[in-house]
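Breakdown of the fold
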Amino acid sequence: MELLAFGKTGWGDELFFATLMTIAVSITAMIIGFFFALIFTPLKLSKHKSLNLIGNFYTTVIRGVPELLVIYLFFFGGSGAVMYVASIFGYDDYIEINAFITGSFAIGIISGAYSTEVFRGAILSIDKGQFEASKVLGLNKYIYFLKVILPQMLRLALPNLSNVWQITLKDTSLISVTGLVEIMRQSYIAAGSTRDPLFFYSFAAVLYLLLTYVSMKFLNSLEKKYSRGF
Amino acid sequence: MITSFPKLLSATVVTLKLLSLSLFFGLLIGLLFAILRLNKNIFINKFAYGYSYVFRGTPLLVQIFIIYFGLGQIEYFRSTFLWVIFKEPYWCAIIAFALNTGAYTSEILRSAFQTIKPGFIEAGKSLGLSNKTIFYKIQIPIAIKQSLPAYGNEIILMLKGTSLASTVTLLDLTGVAKYIISTTFKPIEVFIVAGSIYLFITFLVHNLIKYLEKKFSYQ
């Protein structure tokens, strides 16, 4: 137990901050994923074949390629790409991107592909009459989306979004390969310096279980709240 | 891009070996735990539920690290015959993958068993079939058909999961891709080649499942 003490003698505080880092990366990645979903869901639902193709390309490629490979692409290619863009604008110095940003972006793109599929499914399962009714009422396009489609879509998407959250939370463990100090990386460091990998990796597993358990409870209560009256 | 292709292709063999072995053992584990989940004894039931909860609630990376780095730490464990298997990263990866996919498979199979209409089983009973015959000739074929789409997804998830073998020094497709990227600094080219190989395997699996679904449908 003294291995987990707070302060200089144990790893308690380090692991605590690592857990906060995992939560921070997961939430950032989830939000970045929503932005991607916001772009690609309309593309997938669009009537134009070429736009459709772009949307399908994104979800198929990202969901068919291992997460680790995507992370390596961002880790090794990320700063190169940013430097290339910067050089167009006449900035030629070396730019190093922070591991947190690279990591959340890589995981965000992955979680975005899953969110896109969830939102697409939710919109498709909204009753056609709702679209027609709002047209008949002459609602303007934005009001119709914000007040009619969005609330219904969120209710339908919530159970699947909580699955996406679980996947995203577990995927953040892969960012440890880039050196970002989250739960997995911190356990690796602690295991290396105390030569007690069994204890620290098992403790990491407990932390992840705790995170998934707590978030599941929270999301279930949200689901209940939003499915009132149905 | 072209020079890296043969290397990546030979690494694909490693990935496919890892995938097929872990799916094979995972299916056995999944079937065992699905049957345990349906057991009426509350302790057996809870044990099987706990197993699938823990393995589905923690990242695969943690599971591999516990098995590969963690178990070797137990002095007693190193003296048993099991150590011959557990000192190899290759087998550690397969054991971790099999346990992980086994947890997901058990959930898929359990829900497939539970959605079988009781009428089918009653029909079998009234025909005087033995419990064994009902299980093998009625429940299993229906469960296979019901679980095929979900199991196809699980195969693809496992294919992506095998990439984690590269974290325990194995040179699978992702491992070799990372090695080439870090020596040549051409991340995008290598990503395109390795990614296409993964997508091609996904495509094959997808079509195989589609074919099987057709074969097992009633019509």
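The rules behind each value
- Residues numbered from 1 in each chain as written.
- Chains lettered and ligands numbered in written order.
- Predicted model: local features only at pLDDT ≥ 70, side-chain atom pairs only at ≥ 80, totals over all residues.
- Helix = DSSP H or I, 4+ residues; strand = E, 2+ residues; numbered from the N terminus.
- Contact = placed C-beta atoms within 7 Å.
- Buried ≥ 20, exposed ≤ 12 C-beta atoms within 10 Å, placed from the backbone.
- Axes fitted to C-alpha atoms, helices over the stretch in contact; angles between N-to-C directions.
- Parallel < 35°, antiparallel > 145°, perpendicular 65-115°, else oblique.
- Left-handed = near helix turned anticlockwise from the far one by under 90°.
- Nonpolar A, V, L, I, M, F, W, Y, C, P; charged D, E, K, R; others polar.
- Expected span 1.5 Å × (residues − 1).
- Core = buried A, V, L, I, M, F, W, Y, C linked by C-beta atoms within 7 Å.
- pLDDT = per-residue confidence, 0-100.

**Describing the overall build of chain B**
Along the backbone of chain B there are ten helices and zero strands. Going from the N terminus to the C terminus, chain B shows its helices and strands as α-α-α-α-α-α-α-α-α-α. If you line up chain B on its principal axes, its C-alpha atoms span 70 × 50 × 25 Å. Of the contacts formed within chain B by residues at least 6 apart in sequence, a portion of 77% connects residues at least 24 apart.

**Things to note about the overall build of chain A**
The helix and strand tally for chain A stands at eight helices and zero strands. In chain A, the succession of α and β elements from N to C terminus is α-α-α-α-α-α-α-α. The dimensions of chain A, computed from C-alpha atoms along their principal axes, are 70 × 55 × 25 Å. Out of the 230 residues belonging to chain A, those deemed buried represent 37%. In chain A, 72% of the contacts between residues at least 6 apart in sequence involve partners at least 24 apart.

**Concerning the packing of helix α6 (residues 89–114) of chain B against helix α8 (residues 131–161) of chain B**
Residues and elements named next belong to chain B. It is the contact of α6 with α8, at a shortest axis distance of 9 Å, that shows an interaxial angle of 150 degrees. Of the possible angle classes, the one that applies to α6 and α8 is roughly antiparallel. In the crossing of α6 with α8, the sense of the turn from one axis to the other is right-handed. Side by side, α6 and α8 meet where Phe97, Asn100, Thr101, Tyr104, Thr105, Ile108, Leu109, Ala112 and Phe113 of the first sit next to Gln139, Ala143, Gln146, Ser147, Ala150, Tyr151, Glu154, Met158 and Gly161 of the second. Residue classes in the contact of α6 with α8 are distributed as ten nonpolar, seven polar and one charged.

**Observations concerning helix α7 (residues 183–194) of chain A**
Between its first and last C-alpha, α7 of chain A extends 16 Å over twelve residues, near the 16 Å set by a 1.5 Å rise per residue. Of the residues making up α7 of chain A, those classed as buried are Ile183, Met184, Arg185, Gln186, Ser187, Ala190 and Ala191 of chain A. The elements touched by buried residues of α7 of chain A are α1 (12–45) and α8 (197–226) of chain A together with α3 (60–70) of chain B. Taken from the residues just after α7 of chain A, arginine 195 of chain A is the one with a positive phi, measuring 55 degrees.

**Some details on the interface of chain A and chain B**
Taken together, the contacts link 27 residues of chain A with 31 residues of chain B. Those elements that place two or more of their residues in the side of chain A that touches chain B are α2 (49–64), α3 (67–88), α7 and α8 of chain A. Broken down by element, the residue count for the side of chain A that touches chain B peaks at nine residues, all from α8 of chain A. Along the lines of polarity and charge, the residues of the side of chain A that touches chain B split into 19 nonpolar, five polar and three charged.

**Description of the nonpolar core**
Formed by 102 residues in total, the largest nonpolar core has its most connected members in Ile71 and Ala204 of chain A together with Ile64 of chain B. Per element, the largest residue contribution to this core is 13 residues, and it comes from α6 of chain B. When residues no more than four places from it in sequence are discounted, the contact partners of alanine 204 of chain A are Ile183, Met184 and Ser187 of chain A together with Val62 of chain B.

**Digging into α2 of chain A**
With 16 residues, α2 of chain A extends 22 Å from end C-alpha to end C-alpha; this agrees with the ideal 22 Å at 1.5 Å per step. Taken together, the buried positions of α2 of chain A are Thr59, Ile62 and Gly64 of chain A. Against the buried residues of α2 of chain A lie α4 (99–124) of chain A together with α10 (187–216) of chain B.

**Some words on the confidence of the model for chain B**
For chain B, per-residue confidence averages 89 on the pLDDT scale, and 99% of positions sit at 70 or higher. Predicted as a complex, the structure gets a pTM of 0.87 and an ipTM equal to 0.86.

**Here we look at the environment of valine 214 of chain A**
On the secondary structure map, valine 214 of chain A appears in helix α8. Of the residues examined, valine 214 of chain A has 10 C-beta atoms within 10 Å and is grouped as exposed.

**So, the environment of alanine 96 of chain B**
Residues and elements named next belong to chain B. Inspection of the secondary structure puts alanine 96 in helix α6. Spatially, the C-alpha atoms of alanine 96 and isoleucine 188 are 30 Å apart, while their sequence positions differ by 92 residues. Not counting the four nearest positions on each side in its chain, alanine 96 is found in contact with Leu60, Gln63, Ile64 and Ile67.

**Regarding unusual backbone geometry**
The backbone phi angle of threonine 169 of chain B is positive, close to 70 degrees, even though this residue is not glycine. Looking at where threonine 169 of chain B falls in the secondary structure, it is placed in the loop between α8 and α9 (173–184).

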